2 protein chains.
Amino acid sequence: MSKTAPRTRIQRQNRETILEAALGVFSAQGFRGATLDQIAAAAGLSKPNVLYYFASKEAIHHALLSGLLDNWLAPLRALDPAGEPLAEILAYVRRKVEISRDFPRESRLFANEILQGAPRMMAAIEGELKALVDEKAAVIRSWSAAGQIAAVDPYHLIFSIWALTQHYADFDVQVRAVLGPGHDPFAEAGSFIEGVFTKLLAPDP
Amino acid sequence: MSKTAPRTRIQRQNRETILEAALGVFSAQGFRGATLDQIAAAAGLSKPNVLYYFASKEAIHHALLSGLLDNWLAPLRALDPAGEPLAEILAYVRRKVEISRDFPRESRLFANEILQGAPRMMAAIEGELKALVDEKAAVIRSWSAAGQIAAVDPYHLIFSIWALTQHYADFDVQVRAVLGPGHDPFAEAGSFIEGVFTKLLAPDP
DNA sequence: TTGATGTTTGACCATCTGGTCAGTCTCAGG
DNA sequence: CCTGAGACTGACCAGATGGTCAAACATCAA
C-alpha cells in the first residue's frame, strides 16, 4: 500500500515534511476536521504536490498511525521481567511522562483515534497492543504474587499509567488554564505521578 | 441567542430529541466530523426541520456544551469542606466513576472539545472551572496541612481523579479490547481507583 | 546537449455539506 | 367548521473539499 522505499532524496524529504505537517493538523483538528489545504499549507507545498507523494488524505493519516504504534509500545516493551519490580514500573512511568511532554501531538492523534472508536486501529489494538499488555500484565502479576509489590490488578495498573500520563498531553490546555501561569505542568506531573505509584505499589506488610 | 423558553410542547420535545441525537453524533465524530444529515437522521427529522429548531449546527453544539459544564462541575462542587477529608474525596471519586459509566457520551464530547484546544469552552474553563478548582484545592490543601490526609499537590490530585475516571469513558473501546470479554470495566475501575486514592491519601505517619 | 525520469502546478471536477426558502400540511382554539 | 400560528418539507444554492490531469519544469546520467 505505502511505498516502502522512497527512491530519491527529495521523495524521502518531502514525505517527511508532509507527515510532520499532517501530524500537527490531524492532532489539532481530528481526521475529518483536517483538510488537505491545511496540510499542504503547513508543509509549504501545493495540494496536488502533496497528493503526488501520498495517494489520499486517508493514506497520510494511515502512514502516521502506522508509525505511531511502535513508538507507543516501545516503553512498555522495555519493561524488564528480570529487573527490580518497583524500579521497572517507575521507569516505565517516567518514560511515559517524557513521551507526553515531548510528543504531545502524537498523543493527541492517538487520543482522537480512540475517542472516535478506533475505526482505523482496532486491529492493532486487539492484536499487537493487547498481546503486549497481556504479556506484561502477567509479569506484574507474578511480582505481586511474590510480594515484591502490592497486590493490584495489573491491567488497571497499566490503564492508570496511561490515563495519568496522557492526560497531561491530551488535556494540556485545560491543565494550563487551571494551574495558571508560572507552572511547569510536566515537571509537576512527573513527581506527582511517581509519588502515586510509589505509594500504590509499596509491598503490602 | 438560544430560545430560553420553548413555547409549545412539540418544541420542547423536538429540541430535546435533537440534542439527544446530536450528543451521540458529536461525541462519536467530533464537531467537524458530525454532519447535520447524521444528526437529523438520528433524530428522525428532516434537515430543514432540525434547522427550524436550532439556528445552526454551531448552535446545537453550543447548547450541548452549555448544559454540560454545570453537570460536570456538580460533583466537585459537592465536596464539603466540613466533611471528613478522606471520605469526601473518595465520595468525589466515586461520583466521577459513576458519571463516566452513565454519561460516556458527555465525557467524550468534553474530551473532543479539550483535545482541539477548547475553542468554544476556554472562557468557561478559565473562569468557572478554574475558580471552583482553586476553591476546592484550598480546602484540600488545608486538610493536608492539618495532617488529615497525606501532603499532596491538590491541583494534581484533582487532575489525577479526572484522568483516571474519564479514561474509562473516553478510551472505552481500548479498555474493552485489551481486557477482552467477561469484564465489567467500570466496576473494576471503581474499586481500583478507590484503592489508589485510599493509599495515596492515607495520612503521613 | 539531450532525453528520460522525477517533480510541480494551475485549472478543473464531482461531491458533500451547511444553510435557505417558498410553500404545504397540521391542529388547537374560537 | 374555520382559521391562523406553528410545524414541516422538497428543491435548491454557494462554498468547501478531496481528488484528477495535462502540461510545464527540474535534474541528471550518458
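Residues numbered from 1 in each chain as written. Chains lettered and ligands numbered in written order. Predicted model: local features only at pLDDT ≥ 70, side-chain atom pairs only at ≥ 80, totals over all residues. Heavy atoms only, no water.

### Some remarks on the relation of the copies chain A and chain B
- Each copy superposes on the other: chain A lies on chain B with an RMSD of 0.1 Å after a rotation of 180 degrees and an axial shift of 0.0 Å. What the rotation and shift describe, once combined, is the action of a two-fold rotation axis. Taking the C-alpha atom as reference, chain A places A163 of chain A closest to the rotation axis, 2.7 Å from it.
- By residue overlap, the copies meet face to face through one surface: 100% of the interface positions of chain A are interface positions in chain B. (Least-squares fit on C-alpha atoms with pLDDT ≥ 70 in both. Contact = heavy atoms within 4.5 Å.)

### A closer look at the packing of aromatic side chains
- All chains considered together, the criterion is met by 10 aromatic pairs over all chains.
- Centroid distance F159 of chain A to W162 of chain A: 5.8 Å. Interplanar angle 55 degrees. Geometry classified as tilted. Of this pair, F159 of chain A and W162 of chain A both sit in helix 8 (residues 154-170), separated by three residues, roughly a single helical turn. The burial state of F159 of chain A is the same as that of W162 of chain A; both residues are buried.
- Taken together, the aromatic side chains of F159 and W162 of chain A together with Y168 of chain B make up a single cluster linked through ring pairs.
- When the ring centre of F31 of chain A is taken as origin, the NZ or CZ atom of R120 of chain A, which lies over that ring, is 4.0 Å away. (Phe/Tyr/Trp six-rings, centres within 6.5 Å; stacked < 30°, edge-to-face > 60°. Helix = DSSP H or I, 4+ residues; strand = E, 2+ residues; numbered from the N terminus. Buried < 20%, exposed > 50% of the residue type's maximum accessible area, 1.4 Å probe, protein only. Lys NZ or Arg CZ within 6 Å of the ring centre and 35° of its normal.)

### Digging into the protein's contact with DNA strand C
- Contacts to DNA strand C come from 18 residues, most closely from T8, Q11 and Y53 of chain A together with L36 and K57 of chain B.
- Considering DNA strand C, the proportion of its atoms within 4 Å of the protein that are sugar or phosphate atoms stands at 58%.
- The backbone of A34 of chain B places a nitrogen or oxygen atom 3.2 Å from a phosphate oxygen of DNA strand C.
- Residue composition of the surface near DNA strand C, by class: eight nonpolar, seven polar and three charged. (Near = heavy atom within 4 Å. Polar contact = N/O pair within 3.5 Å; in protein donor to acceptor, adjacent residues only side chain to side chain. Nonpolar A, V, L, I, M, F, W, Y, C, P; charged D, E, K, R; others polar.)

### Here we look at the protein's contact with DNA strand D
- Taken together, the neighbourhood of DNA strand D is formed by 18 residues, with L36 and K57 of chain A together with T8, Q11 and Y53 of chain B sitting nearest.
- Per the 4 Å cut-off to the protein, sugar and phosphate atoms form 62% of the nearby atoms of DNA strand D.
- Contacts to DNA strand D include S46 of chain B, whose side-chain N or O atom sits 2.9 Å from a phosphate oxygen.
- Here Y53 of chain B contributes a side-chain N or O atom positioned 2.5 Å from a phosphate oxygen of DNA strand D.

### Overview of the environment of A187 of chain B
- Looking at where A187 of chain B falls in the secondary structure, it is placed in helix 10 (residues 185-201).
- Residue class for A187 of chain B comes out partly exposed when judged on its relative accessible area of 46%.

### Some words on the pattern of salt bridges
- Tallied over the full model, the rule gives 18 salt bridges over all chains.
- With a shortest N-O distance of 3.0 Å, E194 of chain A and R94 of chain A are connected by a salt bridge. With E194 of chain A in helix 10 (residues 185-201) and R94 of chain A in helix 5 (residues 85-102), this pair connects stretches of sequence that are 100 residues apart.
- Judged by its relative accessible area of 23%, E194 of chain A falls in the partly exposed class.
- The closest approach of N and O atoms between R101 of chain B and D102 of chain B, which form a salt bridge, is 3.0 Å.
- Judged by relative accessible area, which is 42%, D102 of chain B ranks as partly exposed. (Salt bridge = Lys/Arg side-chain N within 4 Å of Asp/Glu carboxyl O.)

### Brief notes about the nonpolar core
- In this structure, L157 and F197 of chain A together with L157 and F197 of chain B are the most contacted members of the largest nonpolar core, which totals 142 residues.
- When sequence neighbours within four positions are dropped, the list of residues in contact with F197 of chain B reads L86, L90, V93, L157, S160, I161 and L164 of chain B. (Core = buried A, V, L, I, M, F, W, Y, C linked by side-chain atoms within 4.5 Å.)

### Overview of the domain arrangement of chain A
Residue and element names in this part refer to chain A.
- For chain A, the assigned domains read domain 1 (7-54) and domain 2 (59-201).
- Of note, the centres of domain 1 and domain 2, computed from C-alpha atoms alone, are 28 Å apart.
- Around 1100 Å² of area is buried between domain 1 and domain 2 when both sides are counted, 76% of it from carbon and sulfur atoms.
- The largest per-residue losses of area from domain 1 upon contact with domain 2 belong to L23, S27 and F31, which jointly make up 46% of the total buried on that side. (Domains from an automatic or database assignment. Buried area = accessible area lost by both parts, 1.4 Å probe.)

### Section: the layout of surface pockets
Residue and element names in this part refer to chain B.
- Roughly 330 Å³ of internal volume is contained in the largest pocket.
- Taken together, 14 residues make up the lining of the largest pocket; nearest its centre are L23, G67, L68, N71 and E106.
- Of all the elements in the fold, those that place two or more residues in the lining of the largest pocket are helix 1 (9-33), helix 4 (57-77) and helix 6 (104-115).
- In terms of residue class, the lining of the largest pocket is built from nine nonpolar, two polar and three charged.
- Residues lining the lining of the largest pocket come from more than one domain, with at least three contributed by each of domain 1 (7-54) and domain 2 (59-201). (1 Å grid on protein atoms, 1.4 Å probe; cavity = no way out; pocket = protein on both sides within 12 Å on 5 of 7 lines; lining within 4 Å. Points joined across faces, edges and corners; volume = space filled by probe spheres on them.)

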